[in-house]
Amino acid sequence: MSSRRYPRQFRQLLVYGFAGGLTAIAHYGVLVGLVELGRIDPVPATLAGFVVGALVSYTLNRWMTFEATRSHAQAGWRFGLIAAGGFALTGVLMHLFVTRLGLPYLPMQLVTTGLVMVFSFLGHKFFSFADRGA
């Protein structure tokens, strides 16, 4: 099935979702491994998972999702800036949900992931990779 049958933004969202799924597998694998096996607190564990996921995300999104018009040197620091915002948002939300409110870490990570994913998609589309079809 040709991707030309679908509007560009729809295809881009599908690919972003696929890349996001692989990114989430990396992030959640580190998170659950550190919490359940390493007995690490969920907030630092999710931040470690976020870093691993960010590396997966950069690679997949530059390659598959966005028609990057910037070099790695130009896109890298921009990606890092958006990723730092997502990292901070993840830390604040997980601290609020898990530490302050005492909610279970995995369901709250799902909520946090959804919010950070919207923030990240918009930031990477319009800032990191300067997608020409924006």
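To start, this report covers the structure provided alongside it. Because the structure is a prediction, the values reported are computed rather than measured.

Basis of the calculations
- Residues numbered from 1 in each chain as written.
- Predicted model: local features only at pLDDT ≥ 70, side-chain atom pairs only at ≥ 80, totals over all residues.
- Heavy atoms only, no water.
- Axes fitted to C-alpha atoms, helices over the stretch in contact; angles between N-to-C directions.
- Helix = DSSP H or I, 4+ residues; strand = E, 2+ residues; numbered from the N terminus.
- Parallel < 35°, antiparallel > 145°, perpendicular 65-115°, else oblique.
- Left-handed = near helix turned anticlockwise from the far one by under 90°.
- Nonpolar A, V, L, I, M, F, W, Y, C, P; charged D, E, K, R; others polar.
- Buried < 20%, exposed > 50% of the residue type's maximum accessible area, 1.4 Å probe, protein only.
- Contact = heavy atoms within 4.5 Å.

## Quick look at the packing of helix α2 (residues 42–65) against helix α3 (residues 72–100)
Moving on, step 1. One can describe the packing of α2 onto α3 by two numbers: an axis separation of 9 Å at closest approach and a directional angle of 150 degrees. Here α3 runs roughly antiparallel to α2, going by the angle between their axes. Crossing hand, α2 versus α3: right-handed.
Moving on, step 2. Split by residue class, the contact of α2 with α3 holds 13 nonpolar, 9 polar and 1 charged.

## What to know about unusual backbone geometry
Moving on, step 1. The backbone of Arg39 shows a phi angle near 55 degrees, a positive value even though the residue is not glycine.
Moving on, step 2. With respect to the element layout, Arg39 can be found in the loop between α1 (8–37) and α2.
Moving on, step 3. The exposed category is assigned to Arg39, whose relative accessible area is 65%.

## Re the packing of α1 against helix α4 (residues 105–128)
Moving on, step 1. Contact geometry for α1 and α4: axes closest at 10 Å, N-to-C directions at 140 degrees. Classified by the angle their axes make, α1 and α4 are oblique. The interaxial crossing formed by α1 with α4 has right-handed handedness. Side by side, α1 and α4 meet where Arg8, Gln12, Leu13, Tyr16, His27, Tyr28, Leu31, Val32, Val35 and Glu36 of the first sit next to Tyr105, Leu106, Gln109, Leu110, Thr113, Met117, Ser120, Phe121 and Lys125 of the second.
Moving on, step 2. By residue class, the composition of the contact of α1 with α4 is 11 nonpolar, 5 polar and 3 charged.

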